[in-house]
Amino acid sequence: MGRISLFLLLVLCLAGARAEEARGVVWLDRNGNGQRDADEPGVAGVKLSNGREIAVTDAEGNYHLPLRAGDTLFVIKPAGHAFATGRDGLPVFWRHHFPNGSPPLRYGGIAAETANRADFALRPETADDDTLEVLVFGDPQPKSLTEVGYYAHDIVAPLQHDPRARLGLTLGDVVDDDLSLYPAMNAVTARLGIPWLHAAGNHDIDFDAGRDEDSLLTFRSHFGPDSFAWEEARASFIVLDNVVYRPGQRPAYIGGLREDQFVFLESYLPTLPKDRLLVVAAHIPFFDPDPARETFRRADRERLFALLRDFPHVLLLSAHSHKQRHHFHGPADGWHGATPLHEYNVGAACGGFWGGVKDAEGIPAAMMADGTPNGYARLSVRAGGEYALRWFVARAPEDYTIALHAPKVLRRGAWPGVHVWANVFMGSDGDRVEVRIGDGEWRPMQRVERADPRILAENLADDAAEALRGYDRVPEAEVSTHLWRLALPTDLPAGEHRIQVRAFDRWRGELRAETVYRLVEAEP
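What you are looking at is a predicted structure, and each value in this text was computed from that prediction instead of being measured.

Engineer: Which residues make up the overall build of the protein, and what values do they have?
Structural biologist: The number of helices and strands found in the protein is seven helices and 30 strands. Whereas a compact globule of 524 residues would reach a radius of gyration of roughly 24 Å, the protein reaches 26 Å, a difference of no more than 12%. Its C-alpha atoms give the protein principal-axis dimensions of about 110 × 50 × 45 Å. Taken across its 524 residues, the protein has 53% of its residues classed as buried. In the protein, of all internal contacts separated by at least 6 residues, the share reaching a separation of at least 24 is 70%. Carbon and sulfur atoms provide 52% of the accessible area of the protein, an area that totals close to 23,100 Å². For the protein, the distance from the average position of its 57 positive side-chain charges to the average position of its 75 negative side-chain charges is 2 Å.

Structure representation (C-alpha cells):
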C-alpha cells in the first residue's frame, strides 16, 4: 500500500473516531412498563450530557451527542418527571460507553458496554409539594457487613416510613475502601423508597488504578457518572467528584476539579434559571479548614466560584471531615458574589467511624471528633431559593439539638472557674446562645473554639480502661466550631440548681436544653 493510501486510511480512521456519537430518544413511559408503546411520545427539551457537552432533545425526544470510549452518558432529570428504578434501587439515568471494558481492577471496574444507541424512559412525577425535602447523608463509611448493619439500624430504619422526603443524597465515602460492600449498601438505602444520588469520596477510590481518570471506575459501575446534574421544581443539583487521586504521592488525594468538569459546568450552568436554589454537592470541603494548608486547590475553587458568582441562591454541601460546621465564603476564599456563599459541611452518618461503646441495641456511640452525635441532615427547599437545614441525631428525639456538659457538684463559695458547656450541633459564629441558672436572668454564653469535654471524657475513659470499651474508640477530640460556655456561679444557696440553655437557630428558631448541678457546703 502506497504512502498516500496509508495517509488516507489514517484520515478516515481519525474521522471515524471523531464521528462516534450517541443517539437515541427520551420518551414518556406513561404506564411504567419499561417499553415504549405506540401512544407514548418523545419528550422535548430534555438535557443529556457525556460529561462535557450538553444536548437537548428535539420535538420528538431525539438527541445525539459526541461519544468517546470511557464516557458515561446521562440524562439530566427534568423537573416534573422521574426515572424508573433499577434492580439495585437506584434511578436509571445513565449508560456507560466502554466498548472493550475498563482496565482490570480489584473490585471490578466497568464491564464492556456501549452507548451508541441509548434510549431513556421518563415517568410523570405527580408530587408537587410546596417544599422539597431532601435527606442528606455524609460518610456512611462501613468497613464490614456488621457496620452496614449499623447503618441500616441506626440511620435508615427510623426513616423508612417518612412520608416527607422526596430525594436523597450521600456525600461520599459510601464505604470505607471495601468496594465490595456497594451492593449491600444499595440494598439498605433502597428501603427508603426515594431516588438516591451519590457523590464519590476518597474512600470510594479504586486504589489499584494507575491514574485519577480510572480511580472511580468501580464507583461508576454501581452509581453512574461521578459528576452530573439533577433538576427539581424547587432546586437544581450538581453533584461533583472533587477528589483528585494522586497515586504514589502523599497524601494520595487532594480536593479539586478536572478540566472536563469545568467544560460541563460551562455548558450546563447557562441553561439554569436563577430564581431557584442551586445546590452543589461534593465530598471534600471547598474551604481549607487550616488556611495554612491547601486541602482544596485554590485555583479550582476560584474558577468554580467565578462560574457560580451570578447565581443569587447557591448552597454548597460537603462532608469528609467527620465534624460539622457552617462556612461562609468571602473574598479570602475567592468568592466575590453579592453575599457570602454558604457551605454546610455535613456531619457523618457513621459519626466517629462507628466507634465507641455500644448501647443496649448494640450500636456504637459514634460521636464525632467535635462532639456532634452521628446522624443525618435534612434540606428543605421552597420557591425563590429559600432553604432550611436541620441535623437529626440518629435514633434520638427531634428536639435533641444541644448537648450540655456540666459538673454534678461544686463546693459552695469555691472560685467560679468551672463551666457549663453547650455544643449546639448546627451552631456557627454569631449565633445567640444564652443560659440561666434557676429563675435568674438569661445571660449570653461565650463561643469558644475548644474541644468538647464530652468527647475528651470518652478519650480519657478509653485510656484508663483495662479492656477495649468498644471495637474502635471514638476519635480523639478536636476543636469544635459550635461550642459555648459560661462559668457556673458558686455563690447561690446550697442545693440543686437548674441550668437552662437556649440557642436561636436561623431555621428552627429557639432550641432548648437543660441539666442541673448541686452546690454543697464543705469544710477544709
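Engineer: Outline unusual backbone geometry, supporting the account with residue identities and numerical values.
Structural biologist: Each neighbour pair has its own omega, and for Arg250 with Pro251 the value is -5°, a cis peptide bond. On the secondary structure map, Pro251 appears in the loop between strand S14 (243-245) and strand S15 (253-255). One non-glycine residue with positive phi stands out, namely Asp177, at about 80°. Residue Asp177 is classed as partly exposed on the basis of its relative accessible area of 30%. Of note in the backbone geometry, His322 takes a positive phi value of approximately 55° without being a glycine. Along the chain, His322 falls in the loop between strand S17 (314-318) and strand S18 (325-329). Accessibility expressed as a relative area gives 7% for His322, which makes it buried.

Engineer: Quick one: what's the story with the sheet that holds strand S6 (residues 81-83), residue by residue and with numbers?
Structural biologist: The four strands lie next to each other as S4-S1-S8-S6, forming an open sheet whose pairing is mixed. Every interior strand has two partners, whereas the edge strands, strand S4 (62-66) and S6, have only one. For this sheet, the mean inter-axis angle between neighbouring strands, taken without regard to orientation, is 35°. When S6 meets strand S8 (residues 120-124), the two strands line up antiparallel, connected through three bridges.

Engineer: Break down the sheet that holds strand S13 (residues 235-239) for me, with residues and values.
Structural biologist: Read across the sheet, six strands follow the order S12-S13-S16-S17-S19-S18 without closing on themselves; strand pairing throughout is mixed. In this open sheet, the two strands that pair with only one neighbour each are strand S12 (228-231) and S18. Averaged over all pairs of adjacent strands, the angle between strand axes in this sheet comes to 20°, irrespective of strand direction. In the sheet, S12 pairs with S13 via four bridges, with the strands oriented antiparallel. Note that in S13 the partner of Trp230 across the bridge is Phe237. The sheet contacts of helix H5 (residues 259-268) involve S12 and S13, and relative to S12 the element is tilted by about 30°. Helix-sheet contacts for helix H6 (residues 298-308) involve strand S16 (277-281), S17, S18 and strand S19 (341-345), and the interaxial angle to S17 is about 145°.

Engineer: Can you explain the pattern of salt bridges? Please cite residues and give values.
Structural biologist: Side-chain pairing between opposite charges can occur once the charged atoms of the two side chains come close. Enumeration according to the criterion identifies 44 salt bridges in this entry. For Glu53, the salt bridge is made with Arg52, and the minimal N-O distance between the two is 3.7 Å. Judged by its relative accessible area of 30%, Glu53 falls in the partly exposed class. A salt bridge links Glu514 to Arg498; its shortest N-O distance comes to 2.8 Å. Here Arg498 lies in strand S29 (residues 495-505) and Glu514 lies in strand S30 (residues 509-520), a separation of 16 residues in the sequence. Taking the relative accessible area as the measure of exposure, Glu514 reaches 48% and is therefore partly exposed. Relative accessible area serves as the criterion here: at 38%, Arg498 is assigned to the partly exposed category. A cluster of three or more residues bridged by salt bridges with shared partners is formed by Glu133, Asp162, Arg164, Arg378, Arg390 and Glu398.

Engineer: How would you explain the confidence of the model for the protein if you had to name every residue and give the values?
Structural biologist: If pLDDT is low for a region, its predicted coordinates should not be looked at in detail. Per-residue pLDDT for the protein averages 95, and the proportion of residues at 70 or more is 96%. Taken together, the stretch residues 6-17 has pLDDT below 50 and engages in one contact with residues farther than four places along the chain or on a different chain.

Engineer: Any chance you could break down H5 for me, citing the residues and the numbers?
Structural biologist: By the burial criterion, the buried members of H5 are Gln261, Phe262, Phe264, Leu265 and Tyr268. The buried residues of H5 all sit within an arc of 160° when viewed along its axis, so they share a single face. Along its buried surface, H5 packs onto strand S2 (47-49), strand S3 (54-56), strand S5 (71-76), S12, S13 and H6.

Engineer: Tell me about the nonpolar core, and name the residues and values.
Structural biologist: Grouped together as the largest cluster of nonpolar side chains are 119 residues, with contacts concentrated most on Phe137, Phe237, Leu278, Leu308, Leu317, Leu379 and Trp391. Per-element accounting of this core gives the leading share, six residues, to helix H2 (residues 145-156). Every residue in contact with Leu278, bar those within four places of it in the chain, is listed here: Ser236, Ile238, Leu269, Leu272, Leu308, Phe311, His313, Val314 and Leu315. With 19 residues, the next largest nonpolar core counts Leu410, Ala503, Ala513 and Tyr517 among its residues.

Engineer: For the side chain of Thr481, give the residues involved together with the corresponding values.
Structural biologist: Inspection of the secondary structure puts Thr481 in the loop between helix H7 (453-464) and strand S28 (483-487). A relative accessible area of 16% places Thr481 in the buried class. Residue contacts for Thr481: discarding those within four places in its chain leaves Gln324, Arg325, Gly427, Ser428 and Arg447.

Engineer: Any chance you could break down the environment of His322 for me, citing the residues and the numbers?
Structural biologist: Between the alpha carbons of His322 and Val346 there is a distance of 8.1 Å; along the sequence they are 24 residues apart. With sequence-adjacent residues up to four places away left out, His322 is seen in contact with Asp139, Gln141, Ala348, Cys350, Gly351, Phe353, Met368 and Ala369. Separated by 2.9 Å, the side chain of His322 and the backbone oxygen of Gly351 make a polar contact.

Conventions used here
Residues numbered from 1 in each chain as written. Predicted model: local features only at pLDDT ≥ 70, side-chain atom pairs only at ≥ 80, totals over all residues. Heavy atoms only, no water. Helix = DSSP H or I, 4+ residues; strand = E, 2+ residues; numbered from the N terminus. Rg over C-alpha atoms; globule rule 2.2 N^0.38 Å. Buried < 20%, exposed > 50% of the residue type's maximum accessible area, 1.4 Å probe, protein only. Contact = heavy atoms within 4.5 Å. Areas by Shrake-Rupley, 256 points an atom, 1.4 Å probe, with all protein chains shown as cover. Lys, Arg positive; Asp, Glu negative; His and termini not counted. Charge placed at Lys NZ, Arg CZ, Asp CG, Glu CD. Pairing = 2+ DSSP bridges. Axes fitted to C-alpha atoms, helices over the stretch in contact; angles between N-to-C directions. Salt bridge = Lys/Arg side-chain N within 4 Å of Asp/Glu carboxyl O. pLDDT = per-residue confidence, 0-100. Arc of directions from axis to C-beta. Core = buried A, V, L, I, M, F, W, Y, C linked by side-chain atoms within 4.5 Å. Polar contact = N/O pair within 3.5 Å; in protein donor to acceptor, adjacent residues only side chain to side chain.

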